[in-house]
Amino acid sequence: MEQTLAIIKPDAVRRNLTGEILAMIQNKGLKIVGLKMISLTKKQAEGFYQVHKDKPFFDSLTDFMSSGPIVVAVLEGENAIERYRNLMGATNPENAEPGTIRKKYALDIEQNSVHGSDSPENAKIEIAYFFNQQELVG
């Protein structure tokens, strides 16, 4: 079974969309094995998005991700990474397919409601950033 990290970003939490997004995830057959709501400091957001530190959007992204509570979840299932990425839709909601989370809920390319791991290697790193093994249930 593959695991992936899912984040419901501040824009979606602020608009009270957490339950609807989690329902979409579960309706696609992905199992939630870890779940919590947290608030990131700017420093924690910078640590999580370290891979983007040289990109022009890094500062605004980390400001946004530390602007309010987020919900982090570990999803599990066959091909969980690909399945969740397909459900999220394109980063830019204008390019996202109908029926995807971003097409339905994203406000713009930055406030695009959700994040998901892009590879098995990054999933392991991202999950470990937010969860210890005792917080994950099988």
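Please refer to the structure placed before this passage.
Residues numbered from 1 in each chain as written. Predicted model: local features only at pLDDT ≥ 70, side-chain atom pairs only at ≥ 80, totals over all residues. Heavy atoms only, no water.

### With respect to the pairing of strand β1 (residues 2–8)
Among the 7 residues of β1, 5 are classified as buried, and the element is accordingly described as predominantly covered. Bridge count between β1 and strand β3 (residues 70–77): 7 bridges; the pairing is antiparallel. Bridging from a neighbouring strand, Ile 7 pairs with Val 72 of β3. For β1 and strand β4 (residues 114–116), the ladder comprises 3 bridges, and the chain directions are antiparallel. Bridged to Ile 7 within β4 is His 115. (Buried < 20%, exposed > 50% of the residue type's maximum accessible area, 1.4 Å probe, protein only. Helix = DSSP H or I, 4+ residues; strand = E, 2+ residues; numbered from the N terminus. Pairing = 2+ DSSP bridges.)

### Description of the pattern of salt bridges
Note that side chains of opposite charge can pair when their charged atoms are close. The tally for this structure, following the rule as stated, stands at 4 salt bridges. Its salt-bridge partner being Asp 11, residue Arg 15 comes within 2.9 Å of it at the nearest N-O pair. Two residues, Asp 63 and Lys 42, come together in a salt bridge whose shortest N-O distance is 2.7 Å. Of this pair, Asp 63 sits in helix α4 (residues 58–65) while Lys 42 sits in helix α3 (residues 42–48); the two residues are 21 residues apart in sequence, bridging distant segments of the chain. Connected through shared salt-bridge partners, Lys 42, Asp 59 and Asp 63 make up one network. (Salt bridge = Lys/Arg side-chain N within 4 Å of Asp/Glu carboxyl O.)

### Section: the nonpolar core
Core analysis: the biggest nonpolar cluster contains 21 residues, and Ile 8, Ile 21, Ile 25, Leu 75, Tyr 84 and Ile 101 have the highest contact counts within it. Among the secondary structure elements, those contributing two or more residues to this core are β1, α1 (10–14), α2 (18–27), β3, α5 (80–88) and α6 (101–105). Core analysis: the second largest hydrophobic core is formed by 18 residues, Leu 5, Val 33, Phe 130 and Leu 136 among them. (Core = buried A, V, L, I, M, F, W, Y, C linked by side-chain atoms within 4.5 Å.)

### With respect to the side chain of Ser 113
Relative to the helices and strands, Ser 113 resides in the loop between α6 and β4. Within the structure, the side chain of Ser 113 is placed 3.3 Å from the side chain of Arg 15, a separation counted as a polar contact. Polar contacts involving the side chain of Ser 113 include one to the main-chain carbonyl oxygen of Tyr 105, which spans 3.3 Å. Non-local contacts of Ser 113, meaning those with residues more than four positions away in its chain, are made with Ile 7, Ile 8, Lys 9, Asp 11, Ala 12, Arg 15, Tyr 105 and Ala 106. (Polar contact = N/O pair within 3.5 Å; in protein donor to acceptor, adjacent residues only side chain to side chain. Contact = heavy atoms within 4.5 Å.)

### What to know about α2
When we look at burial in α2, the residues that qualify are Thr 18, Ile 21, Leu 22, Met 24 and Ile 25. The buried residues of α2 occupy an angular sector of 155° when the element is viewed end-on, so they sit on one face. Note on α2: the residue one or two positions beyond its end, Gly 29, has a positive phi of about 85°. (Arc of directions from axis to C-beta.)

### Re the environment of Met 88
Among the secondary structure elements, Met 88 is positioned in helix α5. Residue Met 88 is classed as buried on the basis of its relative accessible area, which comes to 1%. Spatially, the C-alpha atom of Met 88 lies 21 Å from that of Ser 60, the residues being 28 residues apart in sequence. Look past the residues within four positions of Met 88 in its chain and what remains in contact with it is Thr 100, Ile 101, Arg 102, Val 114, His 115 and Gly 116.

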